[in-house]
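Residue-level structural notes
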Amino acid sequence: MTRIEFHFNTSERLLHTCRLLRKARAQDLRIAVVGASATLKQLDAELWRFQDVSFLAHCTEQDPPEVKRASPVALGPDPHAWGIDEVLLNLGDEVPEGFDRFGRLIEIVSNDDHGRAQARVRWKHYKSLGYELLQHDLSKATDS
């Protein structure tokens, strides 16, 4: 069964996402990231400038096939287009289609009213399917 985590109360959603991707890559995990096109475009830009001394290798749906095959982090609307099944990171408002094919799903929730309201809907959906949900309140944690 997919492990589902909610990371909520972040004021810097994309920065937190970059940090999570860095940690996942340090564990040699492959990650698919889904969300609205505008959000993924912003994340793509943030990943290019996230760290001065290293680069988080990633691809988007516009990249050539050889780049997509080699990339450990994939950004796009279809989480199954990449052949990744380890980690799915959701930056969107909806429940990602086929999330249950992944070993782990991470929901990143901003601290604004819209983000929290949409996350509650997804939370209820996962609970109704019998998933045990883990929560990480980012207002009480320090990110590194």
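Calculation criteria
Per chain, residue numbering runs from 1 following the sequence as it is written. A pLDDT threshold of at least 70 governs which residues receive local features in this predicted model, and a stricter bar of 80 or more applies before side-chain atom pairs are shown or counted, although totals over entire chains, interfaces and linings include all residues. Remark: hydrogens and water are excluded; side-chain values derive from all non-hydrogen atoms of the structure. A pair of aromatic rings is counted whenever rings of Phe, Tyr or Trp (Trp by its six-membered ring) have centres within 6.5 Å, and the orientation is called stacked for planes under 30 degrees apart, edge-to-face for over 60 and tilted otherwise. Confidence of the predictor in every single residue is expressed as pLDDT, which spans 0 to 100. By definition, any uninterrupted DSSP run of H or I lasting at least four residues is a helix, any uninterrupted run of E lasting at least two residues is a strand, and each is numbered from the N terminus. Burial status follows relative accessibility: with a 1.4 Å probe on protein chains alone, a residue under 20% of its type maximum counts as buried, one over 50% as exposed, and anything between as partly exposed. When DSSP finds two or more bridges between a pair of strands, those strands are recorded as paired. Only a pair of cysteine sulfur atoms within 2.5 Å counts as a disulfide in this structure description. In protein, a polar contact requires one atom able to donate a hydrogen and another able to accept it; more generally it is a pair of N or O atoms within 3.5 Å, and residues adjacent in sequence count only if both atoms are side-chain atoms. Any two residues whose heavy atoms approach within 4.5 Å at even a single point are treated as in contact. The span one expects for a helix is its residue count, reduced by one, times 1.5 Å. The directions from the helix axis to the C-beta atoms are what the arc is built from.

A few words on the packing of aromatic side chains. Scanning the model with the defined rule gives four aromatic pairs in all. Through pairs of rings, three or more aromatic residues link up here, namely Phe6, Phe99, Trp123, Tyr126 and Tyr131.

This paragraph deals with the confidence of the model for the chain. Within the chain, residue pLDDT values average 92, and 95% of them lie at 70 or more. The secondary structure element of the chain with the lowest average pLDDT is helix H3 (residues 65-70), at 88, and the one with the highest is strand S5 (residues 87-90), at 98.

Moving on, we come to the pairing of S5. Residues of S5 alternate between two faces, with Val87 and Leu89 on one and Leu88 and Asn90 on the opposite face, all of them buried. In this structure, strand S2 (residues 31-34) lies alongside S5, joined through four bridges in parallel fashion. Looking across to S5, one finds that isoleucine 31 is bridged to valine 87. Of the pairings in the sheet, the one linking S5 to strand S6 (residues 104-110) comprises four bridges and is parallel in character.

Turning our attention to the state of the cysteines. Inspection of the entire model under this criterion finds zero disulfides. Not part of a disulfide, cysteine 18 finds its nearest cysteine sulfur in cysteine 59, a span of 15 Å. The buried category is assigned to cysteine 59, whose relative accessible area is 0%.

Counting through the fold element by element, serine 110 comes out in strand S6. In terms of polar contacts, serine 110 uses its side chain to reach the side chain of aspartate 112, at 2.7 Å. Once residues within four sequence positions are removed from consideration, serine 110 is found in contact with Asn9, Thr10, Arg13, Gly115 and Arg116.

This part is about helix H4 (residues 113-128). Its 16 residues place the ends of H4 23 Å apart at the C-alpha level, agreeing with the 22 Å of an ideal helix rising 1.5 Å per residue. Buried within H4 are the following residues: Gly115, Ala119, Arg122 and Tyr126. The buried side chains of H4 occupy one side of the element, clustering within an arc of 65 degrees when seen end-on. Projecting away from the buried face of H4 at angles above 90 degrees are the exposed residues Asp113, Val121, Lys124 and Ser128. Check the buried side of H4 and you find it contacts strand S1 (3-10), S5, S6 and strand S7 (133-137). For H4, the capping residue at the N-terminal end is aspartate 112, with a side-chain oxygen 3.1 Å from the backbone nitrogen of histidine 114. With its phi angle positive at about 90 degrees, glycine 130 sits one or two positions after the end of H4.

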